[in-house]
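# Report on the structure
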Amino acid sequence: MLSTIAFREPAQARANLARLEARLPQTLLALLPAALTQVPDSDAALNNLERFTRAGDAEVFQLLVRQPALLYHVLALFSHSRFLSETLIQQPELLTWLARGRQLDHIKSKEDLREEYARFAATQSETDPSLMLARFKRRECLRIALKDVLGIAELVETTLELSLLADVLLEKALEVAAAELRLRYGDPEARDPNGRLVPGRFAVVGLGKLGGNELNYSSDIDLLFLYAGAGETRGPTRISNHEYFVRLAQRLIQLIAGVTPEGPVFRVDLRLRPQGGEGDLAISLLAALDYYQRRAREWELQMLLKARATAGDAALVREFLHGVEP
């Protein structure tokens with residue numbers, strides 16, 4: 001193997017191979033030379049494979065023997081991404097998850113991801129919500145990146161899946177934030193034109209790459225928070241709907257952009273919202289329509305070409321986009 005593969009650090013490769021010979025079944029060792037010639041960075045692949053096998057997980061080894069194509073999948077991932085290599089090394093059970101079902105042969109819809117998240121959350125009931133969101137994102141990014149490096153997915157499919165994943169994570173963060181605020185302030189209420197009490201409405205609008213379904217692995221997400229309905233919450237502590245929705249947006253950002261042991265779920269950019277960093281985090285539908293009609297600069301209007309609903313009340317976002325279309 002050392003004579004057929006041009007390792008940058010042959011001494012390190014020799015040491016790694018010696019350790020792997022003591023750990024891996026012969027059937028897998030025999031596949032290593034061919035597999036390593038097919039990845040762009042054989043040194044990184046071999047280094048990470050040696051680390052991956054240190055735990056000596058018999059179940060993982062048996063899986064690789066039963067499905068030898070997985071060895072190439074693992075080496076390809078180890079060769080391309082340090083971050084995702086660490087994910088698989090720290091959580092080798094994810095290889096079993098990747099091999100199970102149809103994780104690599106289709107694009108997961110939002111409904112697929114919601115169902116996956118529900119099953120995932122059922123096993124993480126004691127976990128901090130931000131950490132749970134970050135872990136789920138990391139697991140799904142592992143799957144998406146593997147499809148990418150194996151050439152299974154086209155670029156447009158990769159960016160679409162990353163964007164759909166962001167939508168679902170925003171949905172789940174919004175659910176957590178709303179449940180927390182409901183306990184303290186109750187639900188926001190407003191009067192309809194007939195004077196009847198109706199629920200206040202809130203939506204997260206995706207802008208930029210997220211709005212265009214064009215997220216890449218390192219993208220931040222550009223967001224605008226909209227609400228509709230003047231009034232106040234039901235209590236126990238009553239506050240105005242405006243204050244409630246500003247606090248809801250603040251809590252959602254904490255969940256998505258806060259620091260966890262897995263890093264933030266996403267970096268959030270709010271500079272594309274009306275008045276950039278000077279405006280309130282959440283803006284009413286009427287105020288937003290007035291801003292874009294009277295004060296918005298040309299680039300701010302052009303930016304809305306990619307705006308779309310990502311979480312919350314989709315009908316509210318449709319009203320907004322219909323209002324700014326002219």
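Reference entry: report on the structure contained in this document. (Residues numbered from 1 in each chain as written. Predicted model: local features only at pLDDT ≥ 70, side-chain atom pairs only at ≥ 80, totals over all residues. Heavy atoms only, no water.)

With that settled, consider the sheet that holds strand S5 (residues 231–233). The strand order across the open sheet built from three strands is S2-S1-S5, with neighbouring strands paired in antiparallel fashion. Two strands in the sheet have a free side with no partner beyond their single neighbour: strand S2 (197–199) and S5. Neighbour-to-neighbour, the strand axes of this sheet turn through a mean angle of 35°, independent of strand direction. Here strand S1 (residues 188–191) pairs with S5 via three bridges, running antiparallel. When the sheet's bridge partners are listed, Ala190 is paired in S5 with Gly231. Packing of helix H12 (residues 241–257) onto the sheet brings it into contact with S1 and S5, and relative to S1 it is tilted by some 140°. (Pairing = 2+ DSSP bridges. Helix = DSSP H or I, 4+ residues; strand = E, 2+ residues; numbered from the N terminus. Axes fitted to C-alpha atoms, helices over the stretch in contact; angles between N-to-C directions. Contact = heavy atoms within 4.5 Å.)

With that settled, consider the pattern of salt bridges. As enumerated under the stated definition, the model contains 33 salt bridges in all. Of the charged contacts, one joins Asp167 and Arg308 as a salt bridge, the two residues approaching to 2.8 Å between their closest N and O atoms. Taken together, the residues Asp167 in helix H10 (residues 155–185) and Arg308 in strand S8 (residues 308–312) connect sequence positions 141 residues apart. The buried category is assigned to Asp167, whose relative accessible area is 0%. On the accessibility criterion, Arg308 (15% relative accessible area) is buried. Ionic pairing is found between Arg294 and Asp290, a salt bridge with its closest N-O pair at 2.7 Å. In this pair, Arg294 and Asp290 both sit in helix H13 (residues 285–294), four residues apart, roughly one turn of the helix. Taking relative accessible area as the criterion, Asp290 reaches 31% and is therefore assigned partly exposed. The network of salt bridges with shared partners includes Lys108, Glu116, Arg119, Arg139, Glu140, Arg143, Lys147 and Glu161. (Salt bridge = Lys/Arg side-chain N within 4 Å of Asp/Glu carboxyl O. Buried < 20%, exposed > 50% of the residue type's maximum accessible area, 1.4 Å probe, protein only.)

On to the pairing of strand S4 (residues 221–228). Within S4, eight of the eight residues are buried, which leaves the element mostly enclosed by the surrounding structure. Here S4 shows no split at all, with Ile221, Leu223, Phe225 and Tyr227 on one side and Asp222, Leu224, Leu226 and Ala228 on the other all buried. For strand S3 (residues 201–207) and S4, the ladder comprises seven bridges, and the chain directions are antiparallel. What sits directly across from Gly206, in S4, is Leu223. Here S4 runs beside strand S6 (residues 268–269); their pairing, made up of two bridges, is parallel. Looking across to S6, one finds that Ile221 is bridged to Val268.

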